[in-house]
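# Structure at a glance
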Amino acid sequence: MADEEVDFEEAVDLGDAPMEESADSGKKGRDATGRRLKGRGAQGSATTMEEGGKFDSIEKGGSVKGPQKSVEGWLIIITGLHEETQEDDIHDKFCDFGDIKNLHLNLDRRTGFVKGYGLVEYEDLKQAQDAITTMNGAALMGATISVDWAFSKGPSRRR
């Protein structure tokens, strides 16, 4: 095969017939216009919802009002924080109700002070409920804080 001479100027008639696809590809991986689909949304991809992939989700409840669990735990929001409040101040007040899974304070980029709210996450509903009941209306660094659920269920709106 290596000793054969090849004539590159030899004309080969391909005809007007379209190229045939391999037998295993068929229509799989093509849309209605015949374009190839690639990526995570394509049929046959291991990450499509139709094929039963495991995805994190939040349970859908009815139209019952009340707290809504986030993906990882029960999140409460604290508003009315003094601008010089530190994470340690909030942790000291709220760790009495249970183990704090996550604590977040947003800071103003320009001043570096707290924007006035914070988020605290508990693993158990009872711990979060106790924190809300006890700390709502309490004073923290001279400011009266409000504590409530960060996510709550409500009636869904139909369009």
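Residues numbered from 1 in each chain as written. Predicted model: local features only at pLDDT ≥ 70, side-chain atom pairs only at ≥ 80, totals over all residues. Heavy atoms only, no water.

## Regarding the side chain of Glu121
Secondary-structure assignment places Glu121 in strand β4 (residues 114-122). Separated by 3.0 Å, the side chain of Glu121 and the backbone nitrogen of Gly73 make a polar contact. When residues no more than four places from it in sequence are discounted, the contact partners of Glu121 are Ser70, Glu72, Gly73, Trp74, Leu75, Asp99, Ile100, Lys101 and Asn102. (Helix = DSSP H or I, 4+ residues; strand = E, 2+ residues; numbered from the N terminus. Polar contact = N/O pair within 3.5 Å; in protein donor to acceptor, adjacent residues only side chain to side chain. Contact = heavy atoms within 4.5 Å.)

## Digging into the pairing of β4
In terms of strand pairing, strand β2 (residues 74-79) meets β4 through six bridges, oriented antiparallel. Within β4, the residue paired with Thr79 across the bridge is Tyr117. Here six bridges tie strand β3 (residues 100-107) to β4, and the two strands are oriented antiparallel to one another. Across the sheet, Leu103 pairs through a bridge with Val120, a residue of β4. In this antiparallel pair of consecutive strands, β3 and β4, the connection spans six residues, and Gly112 shows a positive phi of 85°. (Pairing = 2+ DSSP bridges.)

## A look at the sheet that holds strand β7 (residues 146-149)
Here four strands make up an open sheet; going across it, the order is β3-β4-β2-β7 and the pairing antiparallel. The sheet is open, and its two edges are formed by β3 and β7, each paired on a single side. Between one strand axis and the next, the sheet turns through 20° on average, direction left out of account. Two strands pair when backbone bridges link them, and β2 and β7 are joined in this way by four bridges, in the antiparallel orientation. Paired with Ile76 across the two strands is Trp149, which belongs to β7. Strands in contact with helix α1 (residues 87-94) are β2, β3, β4 and β7; relative to β3, the strand with the most contacts, it is inclined by about 145°. (Axes fitted to C-alpha atoms, helices over the stretch in contact; angles between N-to-C directions.)

## Re the pattern of salt bridges
By the definition in use, this model includes one salt bridge. The residue Asp130 makes a salt bridge to Lys126 at a minimum N-O spacing of 3.2 Å. Of this pair, Asp130 and Lys126 both sit in helix α2 (residues 125-135), separated by four residues, roughly a single helical turn. The class of Lys126 is exposed, set by a relative accessible area of 58%. (Salt bridge = Lys/Arg side-chain N within 4 Å of Asp/Glu carboxyl O. Buried < 20%, exposed > 50% of the residue type's maximum accessible area, 1.4 Å probe, protein only.)

## A few points about the confidence of the model for the protein chain
Per-chain confidence: the protein chain averages 80 in pLDDT, with 65% of residues scoring 70 or above. For residues 21-25, every residue scores under 50 in pLDDT, and the model assigns this stretch two contacts once sequence neighbours within four places are set aside. (pLDDT = per-residue confidence, 0-100.)

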